[in-house]
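Architecture and fold: a report
Chain by chain, the residues:
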Amino acid sequence: MMGLRHLFGIAGLEKEQMEYLLNLGESFVDVSRRPIRKAPTLRGKTVINLFFENSTRTRTSFEIAGKRLSADVINISASTSATKKGESLLDTGQTLAAMQPHVLVIRHSVAGTCEFLSEYLTNTAIVNAGDGAHEHPTQVLTDLLTLKMAGGYEGKVVTMVGDISHSRVARSHLLAAKLMGYQVRLVAPKTLLPSQVERYGCEVTHDFDEAIPGSDVLYMLRVQSERLTDSCAFPSIREYHEAYGLNRKRLAAAGEGCLVMHPGPMNRGVEIATDVADSASSRILNQVENGVAVRMAVLTALCGADTGGEE
Ligand code: ASP
């Protein structure tokens, strides 16, 4: 119905497709709140989660999304996969595809892994669940559904703070903002900004306090130490928290109505103070809840189940 064969990233998606997924996602929120959390939409469909990088939220979310819609869901993680025995990524992909899953959900540290595999696995829909520092489309859908349910995302100013350079979430938001009509502001020390950041055409500052007025969302990012090659990216955790951590005082400066978001996992006391993470302004757990609903929508659309089962 919406012409979506794979979901590699926000790049390549059209506004109508995003809106379609958000509306479908919103219609699924209720399934997870019923006493019996099950719908038959994906009965007879098989989803394989293939995760080469650690994940709690995204992997569990895809698993629950598939199961709530009655799909058969199989999880494979790098530590238990045959790549540990020397099998290539392509061989692992082709082996799994030979078992005829409808959807393969992949997380990998290398950007472009999903596009690469899709050239060989022609019968399987592929979802990017995060590829290196490149894209994380279902996180952005999660965030937009959360904003939609909190009153809307259009015209909003989302201030993203922290490790922008390694953040696939920030990158996907920068692409989505142009498409969906909201604004992204970036706040980070020079060492945690991508090179040529100007090409995104958004406001960029090194001063968090300067970026707070006018923000509708303060979106905090984890420092991705697993991707840091420069041990001098910032002086110390304490100084980082002072300059770039979201505390009560900064939240108060943002004014009433400003929401706090985080894609998780949070490092309390580093990018976000504990009382702010648990405050009434926080939508962090709503993001997690809505993540299940948008992934239900993505799996449904890719399985063709939104057209009554015709693929
Ligand atoms: N969960 C997000 C991601 O997978 C953000 C993070 O890991 O810090 O990109």
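Summary of the structure given here.

About the thresholds
- Residues numbered from 1 in each chain as written.
- Predicted model: local features only at pLDDT ≥ 70, side-chain atom pairs only at ≥ 80, totals over all residues.
- Heavy atoms only, no water.
- Helix = DSSP H or I, 4+ residues; strand = E, 2+ residues; numbered from the N terminus.
- Contact = heavy atoms within 4.5 Å.
- Expected span 1.5 Å × (residues − 1).
- Bend = angle between axes of the 7 residues up to and from the residue.
- Buried < 20%, exposed > 50% of the residue type's maximum accessible area, 1.4 Å probe, protein only.
- Pairing = 2+ DSSP bridges.
- Right-handed = clockwise from strand over helix to strand, strands pointing away.
- Near = heavy atom within 4 Å.
- Polar contact = N/O pair within 3.5 Å; in protein donor to acceptor, adjacent residues only side chain to side chain.
- Areas by Shrake-Rupley, 256 points an atom, 1.4 Å probe, with all protein chains shown as cover.
- Nonpolar A, V, L, I, M, F, W, Y, C, P; charged D, E, K, R; others polar.
- Salt bridge = Lys/Arg side-chain N within 4 Å of Asp/Glu carboxyl O.

A few points about the environment of Val217
Assignment of secondary structure puts Val217 in strand E8 (residues 217–220). Counting along the chain gives 99 residues from Val217 to Ser118, while the straight-line C-alpha distance between them is 35 Å. The residues touching Val217, leaving out its near neighbours within four places in the chain, are Leu147, Val157, Val158, Thr159, Cys258, Leu259 and Met261.

Description of helix H11 (residues 284–302)
Residue pairs three or four apart in sequence face the same way in an α-helix, which turns once every 3.6 residues. In this model, H11 (19 residues) spans 27 Å end to end at C-alpha, consistent with the 27 Å of a helix rising 1.5 Å per residue. Along H11, the sharpest kink reaches roughly 25°, centred on Asn290. For H11, the tally of buried residues reaches 15 of 19 residues, placing the bulk of the element in the interior.

Topic: the pairing of strand E5 (residues 157–161)
Across the 5 residues that make up E5, a large majority, 5, are buried. Here E5 shows no split at all, with Val157, Thr159 and Val161 on one side and Val158 and Met160 on the other all buried. Alignment of E5 against strand E6 (residues 183–187), held across 5 bridges, turns out to be parallel. Paired with Met160 across the strands is Leu186, a residue of E6. With helix H6 (residues 168–180) bridging E5 and the parallel E6, this β-α-β connection has right-handed handedness. Two strands pair when backbone bridges link them, and E5 and E8 are joined in this way by 4 bridges, in the parallel orientation. Residue pairing in the sheet places Val161 in a bridge with Met220 of E8.

Describing the site of the ligand
Near the ligand the following residues occur: Arg107, His136, Arg168, Val169, Arg222, Gln224, Pro263, Gly264 and Pro265. Between an oxygen atom of the ligand and a side-chain N or O atom of Arg107, the distance comes to 3.1 Å. The contact in question runs from a nitrogen atom of the ligand to an N or O atom on the backbone of Gly264, over 2.8 Å. Burial of the ligand by the protein chains amounts to 92% of its free accessible area of 260 Å². A per-class count over the shell around the ligand returns 3 nonpolar, 3 polar and 3 charged.

A look at the pairing of strand E3 (residues 103–108)
Counting buried positions along E3 yields 6 of 6 residues, so the element is predominantly enclosed. Side-chain alternation along E3 places Val103, Val105 and Arg107 on one buried face and Leu104, Ile106 and His108 on a second face that is also buried. Judged from the 5 bridges that link them, strand E1 (residues 46–51) and E3 form a sheet pairing that is parallel. Within the sheet, the bridge partner assigned to Asn49 lies in E3 and is Val105. Relative to strand E4 (residues 125–131), E3 runs parallel, the two being bridged by 5 bridges. What sits directly across from Val105, in E4, is Val127. The handedness of the E3 to E4 crossover, carried by helix H4 (residues 113–118), is right-handed.

Side note on the pattern of salt bridges
The full count for this structure, using the stated rule, is 13 salt bridges. Across the salt bridge formed by Glu289 and Arg33, the nearest N and O atoms sit 2.8 Å from each other. One end of the pair, Glu289, is in helix H11; the other, Arg33, is in the loop between helix H1 (15–28) and E1, and 256 residues separate them in sequence. Glu63 is paired through a salt bridge with Arg59; the nearest N and O atoms lie 2.8 Å apart. Remark: Arg59 and Glu63 occur in helix H2 (residues 57–68); sequence separation between them is 4 residues, near one turn of the helix. Glu63 gets classed as buried once you look at its relative accessible area, which sits at 14%. Through salt bridges with shared partners, a single network forms among Glu53, Arg168 and Arg227.

All quantities given are derived from atomic positions and should not be read as evidence of function.
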